[in-house]
Amino acid sequence: MKLSHFQFNLPKELLAEYPAENRDESRLMVIDRKKQTIEHKTFKDVIDYFDEGDVLILNNTKVFPARLYGNKEKTGARIEVFLLRELNAEQRLWDVLVDPARKIRIGNKLYFGNDDSLVAEVIDNTTSRGRTLRFLYDGSYEEFRNKLTELGETPIPKYISRDVTPEDADRYQTIYAKEEGAVAAPTAGLHFSKHLLKKLEIKGVKFAEVTLHVGLGTFNPVEVEDLSKHKMDSEELKITQEVCDIVNNAKANRKRICAVGTTSMRAIESSVSSQRTLNPFEGWTNKFVFPPHDFSLATCMITNFHTPKSTLLMMISAFCGHDLMKRAYDEAIKEQYKFYSYGDAMLII
């Protein structure tokens, strides 16, 4: 498969600016790989496809308010600082992206907050937009982190042209988010309401929670025609023994195992044993799943509708089958499904 196989025309009006009014009332396209059929449902209908002993694999990462706006010393120029990851807690060193980058050089200081209570010094250049910052703040580490949370805003994706609203802090977060560390939400999980999860639990469906801290690399379009040459950004991943037991038990009993989102799928595919069971994992993964790929664990998946040339679309092609996926996407555009982070969902069985 080549990059050009993943190009399609996506009308701009189908990019979702806002989430559905209620989480579980977004639209759901159901694709049956065996029957080669496509059906149109509502997300809450997902419960009809799962029975006692089936497993949903959820990514419980939590998005932190990663987008800050500061002012450059002397000139007062407004600079966006996007926090990518903490490098050293003690020294308050962070890996960030800055915009506009051309103005920000090593040694520059940036001031945040109306009272300039938080200051950062640029100590290194990492990429064209990447910088290492050292934050200077009078207070304990906990107070410093609280300050970042207070000054930061929800990092909704750049394609959303409106300003952030207070609702985004809630809606750009899954209801089962626990482990802080993501700068983008695992969006397939956004469709689950507390009520729907409760109903699934009552039905006897089990939940296995992995943690994959989604980085900005998830949005990077692929730029090489030969997919095998594409390099994924590394993301931090944790899979516990308890999760492995739930998944492997379901597999042994031939139950349905559903990866909720491309991040959950990438997590489990990063840690498969030679016996095709799930192994515990703690570390970093840069697993890139593209066709052809032999999936070892998940028998179905829930995912959103993805943008052209994205690594996410490539994973769906590998799981769904390329021709069926193309048919589904043509139908989604015709039926005006909403795409991307706040968009509608797809269940592939």
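Predicted model, so just to flag it, every value in this text is computed and none were measured.

Student: Would you explain the pattern of salt bridges in this entry?
Tutor: Side chains that differ in sign of charge can pair as their charged atoms come close. Overall, the coordinates contain 13 salt bridges when judged by the stated rule. Glu80 is the partner of Arg67 in a salt bridge, and the nearest nitrogen-oxygen pair spans 3.3 Å. Placement of Arg67 in strand β5 (residues 67–72) and of Glu80 in strand β6 (residues 78–88) is noted, with a sequence separation of 13 residues between them. Residue classification places Arg67 among the buried residues on the basis of a relative accessible area of 6%. Asp168 is paired through a salt bridge with Arg162; the nearest N and O atoms lie 2.9 Å apart. The pair formed by Asp168 and Arg162 is uniform in burial state, with each residue classed as buried.

Student: Would you explain the nonpolar core in this entry?
Tutor: When a protein is soluble and globular, its nonpolar side chains tend to lie buried together. Judged by nonpolar contacts, the single largest core of 65 residues is most densely connected at Met29, Val247, Met265, Phe339 and Met346. When residues in this core are grouped by element, the largest group, 7 residues, is from helix α6 (residues 311–320). Among residues more than four places away in sequence, those in contact with Val247 are Val55, Ile57, Ala208, Ile257, Leu278 and Leu297. One finds Leu68, Val96, Val98 and Leu110 within the second-largest nonpolar core, a separate group that totals 24 residues.

Student: Help me out: how do you make sense of the pairing of strand β16 (residues 300–304) in this one?
Tutor: Taken residue by residue, a regular strand's side chains alternate between the two faces of the sheet. Counting buried positions over the 5 residues of β16 gives 5, a clear majority of the element. Burial of β16 is two-sided: the residues Cys300, Ile302 and Asn304 facing one way and the residues Met301 and Thr303 facing the other way are all buried. With 3 bridges joining them, strand β14 (residues 257–260) and β16 adopt parallel strand pairing. Residue pairing in the sheet places Ala259 in a bridge with Met301 of β16. By the bridge criterion, 4 bridges tie β16 to strand β17 (residues 345–348) in an arrangement that is antiparallel. Pairing of Thr303 across the sheet is with Met346, part of β17.

Student: How do you make sense of the sheet that holds strand β1 (residues 27–32) when you look at a structure like this?
Tutor: Neighbouring strands of a sheet are bound in pairs by backbone hydrogen bonds; such pairs are parallel or else antiparallel. Taking strand neighbours across the sheet as the criterion, the 9 strands line up as β2-β1-β17-β16-β14-β3-β12-β13-β15 in an open arrangement whose pairing is mixed. Looking at strand neighbours, the two that pair on one side only are β2 (37–42) and β15 (281–285), the edges of this open sheet. The sheet shows a mean angle of 20° between the axes of neighbouring strands, taken without regard to direction. This element, α6, spans β1, β16 and β17 of the sheet and lies at about 150° to β16.

Student: Quick question: what am I supposed to make of the environment of Asn248 here?
Tutor: Position of Asn248 relative to the elements: it lies in helix α4 (residues 241–252). Taking the C-alpha atoms as reference points, Asn248 and Asp330, separated by 82 residues in sequence, lie 36 Å from one another. Among residues more than four places away in sequence, those in contact with Asn248 are Thr277, Leu278 and Leu297. Within the local environment of Asn248, its side chain forms a polar contact with the backbone nitrogen of Leu278, the two atoms lying 2.8 Å apart.

Student: Would you explain the packing of helix α5 (residues 262–269) against α6 in this entry?
Tutor: How two helices sit against one another is set out by the angle between their axes and by the gap between those axes. Contact geometry for α5 and α6: axes closest at 11 Å, N-to-C directions at 70°. As the angle between them shows, α5 and α6 are arranged roughly perpendicular. You can see that α5 and α6 cross each other, and the crossing is left-handed. Taken together, the residues of α6 that come into contact with α5 (itself represented by Thr262, Met265 and Arg266) are Leu312, Met315, Ile316 and Phe319. Class assignment of the residues belonging to the contact of α5 with α6 gives a composition of 5 nonpolar, 1 polar and 1 charged.

The rules behind each value
Residues numbered from 1 in each chain as written. Predicted model: local features only at pLDDT ≥ 70, side-chain atom pairs only at ≥ 80, totals over all residues. Heavy atoms only, no water. Salt bridge = Lys/Arg side-chain N within 4 Å of Asp/Glu carboxyl O. Helix = DSSP H or I, 4+ residues; strand = E, 2+ residues; numbered from the N terminus. Buried < 20%, exposed > 50% of the residue type's maximum accessible area, 1.4 Å probe, protein only. Core = buried A, V, L, I, M, F, W, Y, C linked by side-chain atoms within 4.5 Å. Contact = heavy atoms within 4.5 Å. Pairing = 2+ DSSP bridges. Axes fitted to C-alpha atoms, helices over the stretch in contact; angles between N-to-C directions. Polar contact = N/O pair within 3.5 Å; in protein donor to acceptor, adjacent residues only side chain to side chain. Parallel < 35°, antiparallel > 145°, perpendicular 65-115°, else oblique. Left-handed = near helix turned anticlockwise from the far one by under 90°. Nonpolar A, V, L, I, M, F, W, Y, C, P; charged D, E, K, R; others polar.

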